[in-house]
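Next come the chains, spelled out residue by residue.
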Amino acid sequence: MSFEPRVVVITGASAGIGRAAAREFASSGCRVALLARGDAGLAAAADDVRAAGGEPLTIPVDVADYAAVEAAATRAEKVLGPIDAWVNSAFTSVFAPFEQIAAAEFRRVTEVTYLGTVHGTMAALSRMRTRDRGAVVQVGSALGARSIPLQSAYCAAKHAVNGFTESVRVELMHEGSNVHITLVQAPAVNTPQFSWVLS
Ligand SMILES: NC(=O)c1ccc[n+]([C@@H]2O[C@H](COP(=O)([O-])OP(=O)(O)OC[C@H]3O[C@@H](n4cnc5c(N)ncnc54)[C@H](OP(=O)(O)O)[C@@H]3O)[C@@H](O)[C@H]2O)c1
(Lines give C-alpha, C1' and ligand atoms only; values in the text may rest on other atoms or scores of the structure.)
Protein backbone atom coordinates (compact mmCIF):
# COMPACT_ATOMS: atom_id res chain seq x y z
CA MET A 1 0.00 0.00 0.00
CA SER A 2 3.02 2.31 -0.36
CA PHE A 3 1.95 3.11 -3.93
CA GLU A 4 1.16 6.83 -4.14
CA PRO A 5 -0.56 7.65 -7.42
CA ARG A 6 0.11 11.09 -8.80
CA VAL A 7 -1.78 10.94 -12.12
CA VAL A 8 -5.12 9.14 -12.06
CA VAL A 9 -7.67 8.56 -14.82
CA ILE A 10 -11.24 7.80 -13.76
CA THR A 11 -14.02 6.74 -16.12
CA GLY A 12 -17.53 7.53 -14.94
CA ALA A 13 -15.97 10.37 -12.95
CA SER A 14 -18.89 12.79 -13.13
CA ALA A 15 -21.17 10.97 -10.67
CA GLY A 16 -21.50 8.41 -7.92
CA ILE A 17 -18.57 6.20 -7.01
CA GLY A 18 -16.29 7.56 -9.77
CA ARG A 19 -16.81 11.13 -8.59
CA ALA A 20 -16.28 10.15 -4.95
CA ALA A 21 -13.02 8.45 -5.99
CA ALA A 22 -11.96 11.62 -7.83
CA ARG A 23 -12.48 13.70 -4.69
CA GLU A 24 -10.54 11.17 -2.61
CA PHE A 25 -7.54 11.12 -4.99
CA ALA A 26 -7.65 14.92 -5.18
CA SER A 27 -7.45 15.18 -1.40
CA SER A 28 -3.94 13.71 -1.61
CA GLY A 29 -2.95 16.17 -4.34
CA CYS A 30 -3.40 13.97 -7.39
CA ARG A 31 -3.83 15.21 -10.95
CA VAL A 32 -7.08 13.59 -12.02
CA ALA A 33 -8.37 13.05 -15.57
CA LEU A 34 -12.16 12.91 -15.38
CA LEU A 35 -13.85 10.87 -18.13
CA ALA A 36 -17.62 10.71 -18.76
CA ARG A 37 -20.03 11.95 -21.45
CA GLY A 38 -21.91 14.88 -19.89
CA ASP A 39 -20.23 18.30 -19.77
CA ALA A 40 -22.22 19.57 -16.78
CA GLY A 41 -21.30 16.62 -14.56
CA LEU A 42 -17.67 16.79 -15.65
CA ALA A 43 -17.47 20.50 -14.85
CA ALA A 44 -18.96 19.90 -11.40
CA ALA A 45 -16.55 17.03 -10.76
CA ALA A 46 -13.66 19.28 -11.80
CA ASP A 47 -14.83 21.84 -9.22
CA ASP A 48 -14.84 19.06 -6.59
CA VAL A 49 -11.29 18.05 -7.49
CA ARG A 50 -10.01 21.64 -7.32
CA ALA A 51 -11.77 22.20 -3.98
CA ALA A 52 -10.17 19.02 -2.58
CA GLY A 53 -6.66 20.12 -3.58
CA GLY A 54 -6.15 18.26 -6.86
CA GLU A 55 -5.72 19.28 -10.49
CA PRO A 56 -8.58 18.24 -12.79
CA LEU A 57 -8.65 17.57 -16.53
CA THR A 58 -12.09 16.89 -18.02
CA ILE A 59 -12.31 14.70 -21.12
CA PRO A 60 -15.77 14.02 -22.59
CA VAL A 61 -15.74 10.43 -23.85
CA ASP A 62 -18.03 7.45 -24.42
CA VAL A 63 -16.15 4.44 -23.05
CA ALA A 64 -17.89 2.18 -25.59
CA ASP A 65 -15.73 3.87 -28.25
CA TYR A 66 -12.24 2.37 -28.01
CA ALA A 67 -10.58 4.98 -30.24
CA ALA A 68 -12.02 7.75 -28.06
CA VAL A 69 -10.76 6.09 -24.86
CA GLU A 70 -7.29 5.67 -26.36
CA ALA A 71 -7.28 9.33 -27.44
CA ALA A 72 -8.34 10.33 -23.91
CA ALA A 73 -5.39 8.42 -22.45
CA THR A 74 -3.02 10.19 -24.82
CA ARG A 75 -4.46 13.56 -23.88
CA ALA A 76 -4.31 12.79 -20.14
CA GLU A 77 -0.61 11.92 -20.39
CA LYS A 78 0.17 14.96 -22.53
CA VAL A 79 -1.45 17.35 -20.04
CA LEU A 80 -0.96 15.62 -16.68
CA GLY A 81 1.98 13.22 -17.18
CA PRO A 82 2.39 9.40 -17.14
CA ILE A 83 -0.68 7.64 -15.78
CA ASP A 84 -0.11 6.00 -12.38
CA ALA A 85 -3.62 4.65 -11.83
CA TRP A 86 -6.70 4.06 -13.97
CA VAL A 87 -10.13 3.48 -12.40
CA ASN A 88 -12.94 1.98 -14.52
CA SER A 89 -16.23 3.06 -12.95
CA ALA A 90 -18.40 4.01 -15.98
CA PHE A 91 -21.38 1.76 -16.51
CA THR A 92 -24.97 1.58 -17.61
CA SER A 93 -27.82 -0.82 -16.96
CA VAL A 94 -31.46 -1.59 -17.73
CA PHE A 95 -33.85 -2.42 -14.90
CA ALA A 96 -36.36 -4.81 -16.53
CA PRO A 97 -37.30 -8.47 -16.91
CA PHE A 98 -35.13 -10.07 -19.60
CA GLU A 99 -38.02 -10.47 -22.05
CA GLN A 100 -38.66 -6.70 -21.95
CA ILE A 101 -35.09 -5.76 -22.85
CA ALA A 102 -34.49 -5.04 -26.55
CA ALA A 103 -31.41 -6.48 -28.24
CA ALA A 104 -29.99 -2.99 -28.78
CA GLU A 105 -30.43 -2.17 -25.08
CA PHE A 106 -28.68 -5.39 -24.02
CA ARG A 107 -25.87 -4.64 -26.45
CA ARG A 108 -25.45 -1.09 -25.13
CA VAL A 109 -25.15 -2.26 -21.50
CA THR A 110 -22.53 -4.77 -22.61
CA GLU A 111 -20.61 -2.24 -24.68
CA VAL A 112 -20.48 0.35 -21.88
CA THR A 113 -20.23 -1.78 -18.74
CA TYR A 114 -18.08 -4.66 -20.00
CA LEU A 115 -16.28 -3.41 -23.12
CA GLY A 116 -15.88 0.06 -21.61
CA THR A 117 -13.86 -1.59 -18.84
CA VAL A 118 -11.86 -3.59 -21.40
CA HIS A 119 -11.15 -0.42 -23.40
CA GLY A 120 -9.97 1.48 -20.32
CA THR A 121 -7.78 -1.44 -19.28
CA MET A 122 -6.23 -1.65 -22.79
CA ALA A 123 -5.43 2.06 -22.85
CA ALA A 124 -3.93 1.92 -19.35
CA LEU A 125 -1.91 -1.29 -19.69
CA SER A 126 -0.39 -0.37 -23.06
CA ARG A 127 1.27 2.53 -21.24
CA MET A 128 1.92 0.98 -17.81
CA ARG A 129 3.47 -2.28 -19.03
CA THR A 130 6.25 -0.49 -20.92
CA ARG A 131 7.10 1.44 -17.70
CA ASP A 132 6.53 -1.59 -15.47
CA ARG A 133 4.51 0.44 -13.00
CA GLY A 134 0.91 1.46 -12.43
CA ALA A 135 -2.42 0.17 -11.19
CA VAL A 136 -5.77 -0.53 -12.83
CA VAL A 137 -8.84 -0.66 -10.58
CA GLN A 138 -12.12 -2.13 -11.82
CA VAL A 139 -15.22 -1.05 -9.93
CA GLY A 140 -16.92 -4.42 -9.67
CA SER A 141 -20.10 -5.44 -7.95
CA ALA A 142 -21.51 -8.15 -5.74
CA LEU A 143 -23.74 -8.74 -8.78
CA GLY A 144 -20.65 -9.94 -10.63
CA ALA A 145 -20.62 -12.91 -8.29
CA ARG A 146 -24.35 -13.50 -7.79
CA SER A 147 -26.87 -12.38 -10.40
CA ILE A 148 -30.26 -10.96 -9.47
CA PRO A 149 -33.56 -10.65 -11.38
CA LEU A 150 -34.31 -7.51 -13.45
CA GLN A 151 -30.65 -6.75 -14.16
CA SER A 152 -29.62 -9.57 -16.52
CA ALA A 153 -27.52 -7.41 -18.86
CA TYR A 154 -25.72 -5.63 -16.01
CA CYS A 155 -25.09 -8.81 -14.00
CA ALA A 156 -23.70 -10.57 -17.08
CA ALA A 157 -21.43 -7.62 -17.83
CA LYS A 158 -20.13 -7.55 -14.25
CA HIS A 159 -19.46 -11.32 -14.39
CA ALA A 160 -17.56 -10.67 -17.62
CA VAL A 161 -15.48 -7.94 -15.95
CA ASN A 162 -14.56 -10.43 -13.21
CA GLY A 163 -13.54 -13.12 -15.69
CA PHE A 164 -11.60 -10.75 -17.92
CA THR A 165 -9.77 -9.16 -14.98
CA GLU A 166 -8.75 -12.52 -13.50
CA SER A 167 -7.15 -13.58 -16.80
CA VAL A 168 -5.22 -10.32 -17.17
CA ARG A 169 -4.14 -10.34 -13.52
CA VAL A 170 -2.61 -13.80 -13.89
CA GLU A 171 -0.91 -12.79 -17.17
CA LEU A 172 0.73 -9.88 -15.33
CA MET A 173 1.77 -12.18 -12.47
CA HIS A 174 3.25 -14.63 -14.98
CA GLU A 175 5.33 -11.83 -16.50
CA GLY A 176 6.55 -10.79 -13.04
CA SER A 177 5.09 -7.39 -13.82
CA ASN A 178 4.96 -4.58 -11.28
CA VAL A 179 1.72 -3.39 -12.86
CA HIS A 180 -1.27 -4.25 -10.68
CA ILE A 181 -4.88 -4.89 -11.63
CA THR A 182 -7.51 -5.28 -8.99
CA LEU A 183 -11.26 -5.38 -8.63
CA VAL A 184 -13.24 -3.62 -5.91
CA GLN A 185 -16.51 -5.41 -5.17
CA ALA A 186 -18.75 -2.50 -4.27
CA PRO A 187 -21.82 -2.99 -2.07
CA ALA A 188 -25.12 -1.19 -2.71
CA VAL A 189 -24.37 2.55 -2.69
CA ASN A 190 -26.86 5.40 -2.86
CA THR A 191 -25.70 7.06 -6.10
CA PRO A 192 -27.72 8.86 -8.83
CA GLN A 193 -27.80 5.72 -11.02
CA PHE A 194 -31.17 4.68 -9.60
CA SER A 195 -32.76 7.90 -10.87
CA TRP A 196 -31.40 7.84 -14.44
CA VAL A 197 -30.84 4.22 -15.50
CA LEU A 198 -33.43 2.96 -18.03
CA SER A 199 -36.32 1.30 -16.22
N1 LIG B 1 -24.28 2.27 -6.80
C2 LIG B 1 -24.24 0.99 -6.46
O3 LIG B 1 -25.07 0.51 -5.69
C4 LIG B 1 -23.17 0.10 -7.02
C5 LIG B 1 -23.01 -1.16 -6.48
C6 LIG B 1 -22.01 -1.99 -6.97
C7 LIG B 1 -21.20 -1.55 -8.00
N8 LIG B 1 -21.38 -0.31 -8.54
C9 LIG B 1 -20.52 0.09 -9.64
O10 LIG B 1 -20.00 1.36 -9.41
C11 LIG B 1 -19.77 1.99 -10.67
C12 LIG B 1 -20.39 3.36 -10.64
O13 LIG B 1 -21.75 3.25 -10.30
P14 LIG B 1 -22.56 4.49 -9.74
O15 LIG B 1 -23.71 3.96 -8.99
O16 LIG B 1 -21.61 5.42 -9.09
O17 LIG B 1 -23.12 5.12 -11.12
P18 LIG B 1 -23.63 6.57 -11.50
O19 LIG B 1 -23.81 7.41 -10.29
O20 LIG B 1 -24.78 6.37 -12.42
O21 LIG B 1 -22.39 7.16 -12.34
C22 LIG B 1 -22.09 6.58 -13.58
C23 LIG B 1 -21.00 7.38 -14.24
O24 LIG B 1 -20.66 6.76 -15.49
C25 LIG B 1 -20.74 7.72 -16.54
N26 LIG B 1 -21.10 7.02 -17.76
C27 LIG B 1 -22.26 6.39 -18.07
N28 LIG B 1 -22.22 5.90 -19.30
C29 LIG B 1 -21.00 6.24 -19.82
C30 LIG B 1 -20.36 6.05 -21.06
N31 LIG B 1 -20.96 5.37 -22.06
N32 LIG B 1 -19.12 6.54 -21.23
C33 LIG B 1 -18.50 7.23 -20.25
N34 LIG B 1 -19.04 7.44 -19.04
C35 LIG B 1 -20.28 6.96 -18.84
C36 LIG B 1 -21.79 8.73 -16.04
O37 LIG B 1 -21.66 10.02 -16.67
P38 LIG B 1 -22.34 10.36 -18.08
O39 LIG B 1 -23.73 9.77 -18.05
O40 LIG B 1 -22.31 11.84 -18.17
O41 LIG B 1 -21.48 9.73 -19.14
C42 LIG B 1 -21.41 8.81 -14.57
O43 LIG B 1 -20.28 9.64 -14.41
C44 LIG B 1 -20.35 1.08 -11.74
O45 LIG B 1 -19.31 0.33 -12.34
C46 LIG B 1 -21.27 0.17 -10.96
O47 LIG B 1 -21.39 -1.08 -11.57
C48 LIG B 1 -22.35 0.53 -8.07
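Here the structure is shown first, and the text comes after it.
Residues numbered from 1 in each chain as written. Predicted model: local features only at pLDDT ≥ 70, side-chain atom pairs only at ≥ 80, totals over all residues. Heavy atoms only, no water.

**A look at the environment of Leu 42**
Okay, step 1: Within the secondary structure, Leu 42 is located in helix 2 (residues 39–52).
Okay, step 2: Sequence separation between Leu 42 and Arg 19 is 23 residues; the distance between their C-alpha atoms is 9.1 Å. (Helix = DSSP H or I, 4+ residues; strand = E, 2+ residues; numbered from the N terminus.)

**Describing the site of the ligand**
Okay, step 1: If you check the shell around the ligand, you find 31 residues, and the closest are Ser 14, Ile 17, Arg 37, Tyr 154 and Thr 191.
Okay, step 2: Between the ligand and Gly 38, the relevant distance is 2.8 Å, taken from an oxygen atom to a main-chain nitrogen or oxygen of the residue.
Okay, step 3: The side chain of Asp 62 places a nitrogen or oxygen atom 3.0 Å from a nitrogen atom of the ligand.
Okay, step 4: The cavity that encloses the ligand is the largest pocket.
Okay, step 5: Mapped onto the shell around the ligand, the elements with two or more residues apiece are helix 1 (16–26), helix 4 (103–131), strand 5 (134–141), helix 5 (152–175) and helix 6 (193–196).
Okay, step 6: Its residues placed into classes, the shell around the ligand shows 18 nonpolar, nine polar and four charged. (Near = heavy atom within 4 Å. Polar contact = N/O pair within 3.5 Å; in protein donor to acceptor, adjacent residues only side chain to side chain. 1 Å grid on protein atoms, 1.4 Å probe; cavity = no way out; pocket = protein on both sides within 12 Å on 5 of 7 lines; lining within 4 Å. Sits in = over half its atoms within 2 Å of the grid points. Nonpolar A, V, L, I, M, F, W, Y, C, P; charged D, E, K, R; others polar.)

**Re the layout of surface pockets**
Okay, step 1: By volume, the largest pocket amounts to about 970 Å³.
Okay, step 2: In this structure, the largest pocket is lined by 42 residues; those nearest its centre are Ser 89, Phe 91, Thr 92, Gln 193 and Trp 196.
Okay, step 3: The leading source of residues in the lining of the largest pocket is helix 4, at four residues.
Okay, step 4: Of the residues in the lining of the largest pocket, the class split is 24 nonpolar, 13 polar and five charged. (Points joined across faces, edges and corners; volume = space filled by probe spheres on them.)

**Some details on the side chain of Gln 151**
Okay, step 1: Its place among the elements puts Gln 151 in the loop between strand 5 and helix 5.
Okay, step 2: A distance of 2.7 Å separates polar atoms of two side chains, one belonging to Gln 151 and the other to Ser 93.
Okay, step 3: The residues touching Gln 151, leaving out its near neighbours within four places in the chain, are Ser 93, Val 94, Phe 95, Ala 96 and Leu 143. (Contact = heavy atoms within 4.5 Å.)

**Things to note about the pairing of strand 5**
Okay, step 1: With respect to burial, strand 5 is a largely interior element, eight of its eight residues being buried.
Okay, step 2: The two faces of strand 5 match: Gly 134, Val 136, Gln 138 and Gly 140 on one face and Ala 135, Val 137, Val 139 and Ser 141 on the other face are all buried.
Okay, step 3: Pairing between strand 4 (residues 85–88) and strand 5: four bridges, direction parallel. Bridging from a neighbouring strand, Asn 88 pairs with Gln 138 of strand 5.
Okay, step 4: Of the pairings in the sheet, the one linking strand 5 to strand 6 (residues 179–186) comprises eight bridges and is parallel in character. In the strand pairing of strand 6, Gln 138 is matched with Leu 183.
Okay, step 5: Taking the sense of rotation as the criterion, the β-α-β connection linking strand 5, helix 5 and strand 6 turns out right-handed. (Buried < 20%, exposed > 50% of the residue type's maximum accessible area, 1.4 Å probe, protein only. Pairing = 2+ DSSP bridges. Right-handed = clockwise from strand over helix to strand, strands pointing away.)

**Remarks on the nonpolar core**
Soluble globular proteins: nonpolar side chains tend toward being buried together.
Okay, step 1: Ranked by internal contacts, the top residues of the largest apolar core, which has 28 residues, are Val 9, Leu 35, Ile 83, Trp 86 and Met 128.
Okay, step 2: With six residues, the top contributor of residues to this core is helix 4.
Okay, step 3: When residues no more than four places from it in sequence are discounted, the contact partners of Ile 83 are Val 7, Val 9, Ala 73, Glu 77, Arg 127, Met 128 and Arg 131.
Okay, step 4: Of all hydrophobic cores here, the second largest spans 19 residues; its members include Val 8, Ala 26, Leu 42 and Ala 85. (Core = buried A, V, L, I, M, F, W, Y, C linked by side-chain atoms within 4.5 Å.)

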